[in-house]
Amino acid sequence: MSGPPHVRRPATLASLAAELGVSRTTVSNAYNRPDQLSAPLREKVLEAARRLGYPGPDPVARSLRTRRAGAVGLLLTEALSYAFRDPVATGFLEGLALACEQAGQGLLLVPVSPEHADVAAVHQAGVDGFVVYSVSEDDPHFRAVLERPVPTVVCDQPVGVEGVDRVSVDDRQGMRALGEHLTALGHRRIGVLCMRLGPTRHDGHASLVRQEESSYPVQRERIGGVRDALTAVGVDWSAVPVVERFEHSVEAGASGAAELLAAHPEVTALVCTSDVLAIGALQHATEAGLDVPGRITVTGFDGVPEADRLGLTTVRQPFRRKGQVAGELLLDRGERNVPKQVVLPTELVAGATSGPAKNREEFFSGW
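Described below are features of the structure shown in this document. (Residues numbered from 1 in each chain as written. Predicted model: local features only at pLDDT ≥ 70, side-chain atom pairs only at ≥ 80, totals over all residues. Heavy atoms only, no water.)

What follows is about the overall build of the protein. The secondary structure content of the protein amounts to 16 helices and 13 strands. Here the protein, with 367 residues, has 48% of them falling under the buried criterion. Counted over contacts in the protein with a minimum sequence separation of 6, partners at least 24 positions apart contribute 70%. Just so you have it, the protein exposes about 17,700 Å², and 53% of that area is on carbon and sulfur atoms. (Helix = DSSP H or I, 4+ residues; strand = E, 2+ residues; numbered from the N terminus. Buried < 20%, exposed > 50% of the residue type's maximum accessible area, 1.4 Å probe, protein only. Contact = heavy atoms within 4.5 Å. Areas by Shrake-Rupley, 256 points an atom, 1.4 Å probe, with all protein chains shown as cover.)

Sheets are built from strands that pair by backbone hydrogen bonding, the pairs being arranged parallel or antiparallel. Across the sheet, six strands lie side by side as S2-S1-S3-S4-S5-S12; this open sheet has parallel pairing. Each edge of the open sheet carries a strand with a single partner, namely strand S2 (106-111) and strand S12 (341-344). The average undirected angle you get between the axes of adjacent strands in this sheet is 20°. On top of the sheet, helix H6 (residues 87-103) reaches strand S1 (71-76), S2, strand S3 (129-133) and strand S4 (152-155); it is set at about 145° to S2, its chief contact. The sheet strands contacting helix H15 (residues 319-331) are S1, S3, S4, strand S5 (165-169) and S12, and the helix crosses S5 at an angle near 165°. (Pairing = 2+ DSSP bridges. Axes fitted to C-alpha atoms, helices over the stretch in contact; angles between N-to-C directions.)

Moving on, we get to the packing of aromatic side chains. What describes a pair of aromatic rings is the distance from one ring centre to the other and the angle between the planes of the rings. Taken as a whole and assessed by the stated rule, the structure comprises one aromatic pair. Centre to centre, the rings of Phe92 and Tyr133 are 4.5 Å apart; their planes meet at 35°, and the pair counts as tilted. With Phe92 in helix H6 and Tyr133 in strand S3, this pair connects stretches of sequence that are 41 residues apart. As far as the burial class goes, Phe92 and Tyr133 line up, both buried. (Phe/Tyr/Trp six-rings, centres within 6.5 Å; stacked < 30°, edge-to-face > 60°.)

Right, let's talk about unusual backbone geometry for a bit. Residues Gln157 and Pro158 are joined by a peptide bond in cis, for which omega reads 5°. Here Pro158 lies in the loop between S4 and S5. Although it is not a glycine, Ser134 adopts a positive phi angle of roughly 50°. Mapped onto the secondary structure, Ser134 falls in the loop between S3 and helix H8 (140-147). For Asp302, which is not glycine, the phi dihedral falls at a positive 140°. Checked against the element boundaries, Asp302 lands in the loop between strand S10 (297-299) and helix H14 (305-310).

Now for the sheet that holds strand S7 (residues 204-205). Reading across the sheet, the five strands line up as S7-S8-S6-S9-S10 and stay open at both edges, with mixed pairing between neighbours. Only two strands of the sheet have a single neighbouring strand rather than two, namely S7 and S10. Bridge count for strand S9 (residues 269-272) against S10 is three bridges, and the pairing is parallel. Looking at the pairing, Leu270 lines up with Val298 of S10. Against the sheet, helix H9 (residues 171-184) engages strand S6 (190-194), S9 and S10, with an angle of about 170° to S9. Set on the sheet, helix H12 (residues 250-263) makes contact with S6, S7, strand S8 (242-244) and S9; between it and S6 the angle comes to about 150°.

The next thing to look at is the pairing of S6. With five of five residues buried, S6 lies mostly within the body of the structure. Where S6 and S8 come together, three bridges link them in parallel fashion. Bridging from a neighbouring strand, Cys194 pairs with Glu244 of S8.

Bringing the side chain of Thr353 into the picture now. Tracing the backbone shows Thr353 in the loop between strand S13 (347-349) and helix H16 (360-364). Exposure remark for Thr353: the relative accessible area of 4% places this residue in the buried category. There is a polar contact of 2.6 Å between the side chain of Thr353 and the backbone oxygen of Val298. The contacts of Thr353, once residues within four sequence positions are left out, are Leu282, Val292, Pro293, Ile296, Thr297, Val298, Leu310, Gly311, Leu312 and Thr313. (Polar contact = N/O pair within 3.5 Å; in protein donor to acceptor, adjacent residues only side chain to side chain.)

The subject of this paragraph is the packing of H12 against helix H13 (residues 275-288). Here H12 crosses H13 at 60°, and the two axes come no closer than 6 Å. Classified by the angle their axes make, H12 and H13 are oblique. Every pair of crossing elements has a handedness; the one defined by H12 and H13 is right-handed. Contacts from Val250, Ala252, Gly253, Ala254, Ala257, Ala258 and Leu261 of H12 reach H13 at Val276, Leu277, Ile279, Gly280, Ala281, Gln283 and His284. Here the contact of H12 with H13 is built from residues that sort into ten nonpolar, four polar and no charged. (Parallel < 35°, antiparallel > 145°, perpendicular 65-115°, else oblique. Left-handed = near helix turned anticlockwise from the far one by under 90°. Nonpolar A, V, L, I, M, F, W, Y, C, P; charged D, E, K, R; others polar.)

Structure, rendered in structure tokens:
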């Protein structure tokens, strides 16, 4: 009767060094400090490692020894799939990944729900620093990040946090420029379709109090930019309908546009605080037989590729560059103790979805 098959134990750093007749430091340098070895010697070590089944230094042991994880944590208070579904988040992630790649660092996504306060994922993340992607001012996961003794970079929001770097665009000025574009076209009956204004679900009319007390500064500032442009030409902001959607999706944009226009058929321009919502609004207009821009002007904010394809009037922001800058601020921090604030430019794109408002006679004689 044959005995159990012989199972060769995997090679260790010590056994590999003995096999090659070199020191353990030489083997370690082949992986961790390749510049310390000649190219032929390093290749000899790596070839022997492959032949003997040596997997390389234990990354956990290495991180304990060096006290560095070799990775950047991205705090995303959404489902993980959001990072790959939302075009702005995807572009930002691409830019951040590029910065990490250039620095030889890994990237760990730390997705958490805005509706749950469990911060364990933040506490347990093995990272050397965090990039926080657009969270609310009162987010408990962000507070947990600040409790970690690692550098942090905030993208967009929250604002005014001491000791952290921040990269953003001037959302208010960008949206004000778009609002001025619309008022120059004669629009005064304007409605706004915005992204979530708070961490708990709310779909429907957003009151003045809710707008002003929003815990999401980006949305607060984008709405504020429209408000600045309209009040400058004498429009009473309290009469401007604002509809909020908790989910950021094309479907949410379509349903929000349907709700707003059903309740306010006098609206001649629909300002959406993101391109995704605006694309949904365009879908609703098509399904409802509403001519764009003849019957209704539709605008967005972001400048995503689909918006370009549709000719959407929007405010373009450099979201890929924003991710890259966020990564560079974190990874190139060095011994710098003074936080940096980087504000990237936006660009008004006057596309095919905005046109002159109907005059009063046309409005009351029908569409």
